[in-house]
Every structure is written in C-alpha cells, then in structure tokens.
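# Topology and contacts: notes
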Amino acid sequence: MSNPAPVAADETSTSRKNWTLGALLVLVSLALGSILLPFYAAIMWGLILSLLFTPFHRWLLPRVGHRPTVSALCTLAIVLLIVILPLTLILLLLAQEAAWLYQGLQSGDINPALYFHRAFNRLPDWVGAILDRFGLVNFATLQRRLTAAVAQGSQFAATQVFTLGQSTFEFVVSLCIALYLAFFLIRDGDTTVRAIGRMIPLAPVHRKKLWHKFATVVRATVKGNLLVALIQGTLGGLAFWFLGVSGALLWAVLMAACSLLPAVGAALVWGPVAVYFLVTDALWQGLALTAYGVLVIGLVDNLLRPVLVGKDTRMPDYVVMITTVGGMAVFGINGFVLGPLIAAMFLSVWHIFDDTA
C-alpha cells in the first residue's frame with residue numbers, strides 16, 4: 001500500500017513555491033510601478049501615440065520594403081511634424097501672450113477692477129438686490145475682493161511661470177520618453193501586445209475583448225476630444241479677434257482646454273465676455289457673441305462629441321461627461337483620457353464577469 005505522505009509533502013512544497021512566487025511578483029511589480037510613476041504621463045502618451053499612428057505604420061510598411069524600423073522612424077517623423085512642432089509653436093505664442101497679460105496686470109495697464117466697475121454701474125436694480133444679499137452691492141467692497149483675487153491670480157501666474165522654467169528639463173525628458181516608447185510600440189506593438197496578453201490569466205476571447213475596448217476608447221477619446229477642443233478653440237479665438245478682445249490666442253487656448261469638459265466647457269470663457277458686453281451697452285457684440293457661442297461653438301460640442309466619442313466608446317453621454325470631469329479632477333489634464341478609459345474597462349470587466357458567472 002503506497003504512502004500518501006510524500007504526495008502531501010510535494011503538494012505543500014508546491015503551494016509554498018506558488019505563494020512565494022506570487023509574493024515576489026507583487027513586490028517587483030510595486031517596485032517597478034514606483035520607478036515608473038513619475039513618468040506615468042509620458043508612458044501613457046507614448047502608448048496613445050502608438051495606438052493613433054500604428055494604422056499609418058501598417059499602411060507605410062509595404063511601401064518601404066517591409067522594413068519595420070524605417071517605417072516606424074517615418075511614422076515618428078510624421079508625429080513630430082503634425083503634432084509636436086505645432087504644439088510647441090502654440091505654447092511659445094501662448095507664453096508670449098501670458099507674459100504680456102501678466103505685465104499688463106502688474107503695471108496697471110490692464111485693470112480688471114475698472115472693467116467690473118463699468119459693468120457694476122450698469123446692472124439692473126434686481127441684480128443689485130441679489131448682490132446686496134451677499135454683501136457685494138457696495139463697489140468698494142467688491143473692488144477690495146476683486147483686487148485680492150487679482151493679486152492672488154497674479155501671484156499664481158508668476159509661480160506657474162517660475163515653475164515652468166524649473167520643469168522645462170523634466171518636460172523635455174518626458175517628451176523624449178514618450179517618443180522613444182512610441183517608436184518601439186509602433187515597430188513592435190503586435191509582438192508586445194501578444195506577450196503581455198499571454199501573462200494575463202484570462203481566456204483568449206476575454207483578453208481580446210479587453211484589448212479591443214482599451215484601444216477603441218483611447219483612440220475615440222483622444223481623437224474626439226482633441227478635435228472638438230481644436231475646433232471650439234479656433235472658432236472662439238476667431239470670434240474674440242473679430243470683436244477686438246485682447247489676447248485672442250490666450251482665450252482660444254483657454255477655450256480649447258475648457259472644452260475638454262463636455263457640455264459647459266467653452267461657455268465658461270465666452271459666456272462671461274458676452275455678459276460683459278451686454279451690461280456695458282455693447283449690445284451687438286454681446287448678442288452676436290451669445291448667438292455665435294450657442295449656435296456655432298455649442299453646436300460643435302453637441303454634434304461632434306457624441307459621434308466621435310460616445311459612438312465608439314459605446315457609453316452614454318452622461319457617463320462620458322461624469323468620468324471626464326472626475327478623471328480631470330483626479331489626474332489633471334490626463335484625466336480626460338483616463339476617466340472614460342477606467343469607466344470603459346470597468347464596464348467591460350463586469351460584462352465578462354456576468355458572462356462567466
């Protein structure tokens with residue numbers, strides 16, 4: 001009769017080895033994550049660039065004699081030409097306008113208190129009654145609060161300019177990491193995806209489903225939101241330039257950034273300007289900007305965003321909006337991608353769980 005003791009001992013030894021291997025896997029994963037965490041944004045954008053431009057790489061590959069390195073280098077050159085260089089130029093122009101605005105505030109050539117004073121004196125009585133409830137009916141009080149707010153804003157702007165100068169090296173390093181990673185992912189992306197997929201303990205059909213959802217949401221979110229932001233910022237900047245608003249490029253970039261917030265984004269910029277025009281008797285400018293903002297700028301958001309983002313992600317518009325706002329609150333500007341992506345992966349995992357339950 002055989003002795004079961006050696007079998008039990010072998011099972012115990014195997015279990016210990018598995019637990020030890022699992023613990024080591026968790027430890028080295030956490031260690032690697034802590035190393036990569038400072039550059040998570042660069043890694044994320046390197047992955048995004050590879051997802052966006054891999055179709056072009058595949059189209060180009062047979063035209064360069066099926067040489068992956070040459071095709072990937074050409075693709076990266078296209079990225080530099082149509083993405084990096086225009087963005088750098090816009091940032092340089094934006095820095096010039098921001099410096100002009102900051103100098104104007106410091107010298108007094110630009111006086112927000114004066115603009116508010118004009119608008120305040122022309123407000124209807126019922127608006128004054130509402131302001132009276134909040135203790136703002138006295139312009140001296142309003143001016144003190146506004147002056148304090150402008151002082152804080154100027155201090156914040158100066159701090160940001162100083163911080164930008166300090167972080168230039170970090171930005172250049174992050175950009176190089178993103179481009180370097182994008183090159184290898186574009187060239188070897190299919191092999192890398194298959195290698196990572198084999199390490200995920202899921203059925204092949206589920207791995208394929210998750211990867212397809214991941215790639216689709218990233219492409220739709222980035223292309224859709226950035227295209228909407230570019231269009232709305234351009235339309236808003238042109239309107240401000242036509243109406244003679246100073247710093248049109250600065251406001252255009254601000255509108256583009258705010259338009260990443262669905263539904264209300266660009267209106268946060270052009271709305272107060274339209275109200276200022278209306279209360280200072282610039283009626284045609286105020287009415288024109290309001291109509292243009294609602295019928296043209298707002299229409300871009302209402303028509304294009306559901307088609308470019310919601311249709312491909314297959315998520316309701318309200319889910320996209322909430323997760324975008326929440327993602328930006330948690331992750332900053334990168335949250336407009338990470339928020340909807342996390343929501344999409346959450347829904348996909350629950351669908352897989354429901355199918356296998």
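Reading the values: the criteria
- Residues numbered from 1 in each chain as written.
- Predicted model: local features only at pLDDT ≥ 70, side-chain atom pairs only at ≥ 80, totals over all residues.
- Heavy atoms only, no water.
- Helix = DSSP H or I, 4+ residues; strand = E, 2+ residues; numbered from the N terminus.
- Buried < 20%, exposed > 50% of the residue type's maximum accessible area, 1.4 Å probe, protein only.
- Contact = heavy atoms within 4.5 Å.
- Polar contact = N/O pair within 3.5 Å; in protein donor to acceptor, adjacent residues only side chain to side chain.
- Salt bridge = Lys/Arg side-chain N within 4 Å of Asp/Glu carboxyl O.
- Axes fitted to C-alpha atoms, helices over the stretch in contact; angles between N-to-C directions.
- Parallel < 35°, antiparallel > 145°, perpendicular 65-115°, else oblique.
- Left-handed = near helix turned anticlockwise from the far one by under 90°.
- Nonpolar A, V, L, I, M, F, W, Y, C, P; charged D, E, K, R; others polar.

Broken down by element type, the protein carries 13 helices and zero strands. Each helix and strand of the protein, ordered N terminal to C terminal, gives the series α-α-α-α-α-α-α-α-α-α-α-α-α. Going through the 357 residues of the protein one by one, you find that 33% of them count as buried. At a minimum sequence separation of 6, the contacts of the protein that also span at least 24 residues come to 67%.

Secondary-structure assignment places His-57 in helix α2 (residues 40–60). His-57 sits in the buried class, given a relative accessible area of 5%. Of note is the side chain of His-57, whose polar atom sits 2.8 Å from the side chain of Ser-71. Within the structure, the side chain of His-57 is placed 3.4 Å from the backbone oxygen of Ile-186, a separation counted as a polar contact. The residues touching His-57, leaving out its near neighbours within four places in the chain, are Pro-68, Ser-71, Ala-72, Thr-75, Ile-186 and Arg-187.

This part covers the pattern of salt bridges. When the charged atoms of two side chains lie near each other, side chains of opposite charge can form a pair. Per the counting criterion, the structure on display carries one salt bridge. A salt bridge links Asp-188 to Arg-187; the nearest nitrogen and oxygen atoms lie 3.0 Å apart. Given the relative accessible area of 28%, Asp-188 is considered partly exposed. Residue class for Arg-187 comes out partly exposed when judged on its relative accessible area of 28%.

With that settled, consider the packing of helix α8 (residues 204–242) against helix α9 (residues 248–258). As a packed pair, α8 and α9 sit with axes 8 Å apart at the nearest point and diverge in direction by 150°. Overall, the two elements α8 and α9 adopt an arrangement that is roughly antiparallel. Handedness of the crossing formed by α8 with α9: right-handed. Listed contacts from α9 to Ala-229, Gly-233, Gly-236, Gly-237, Phe-240 and Trp-241 of α8 are Ala-248, Trp-251, Ala-252, Met-255 and Ala-256. Here the residues of the contact of α8 with α9 are counted per class, giving eight nonpolar, three polar and no charged.

Nothing here speaks to function; it is all geometry.
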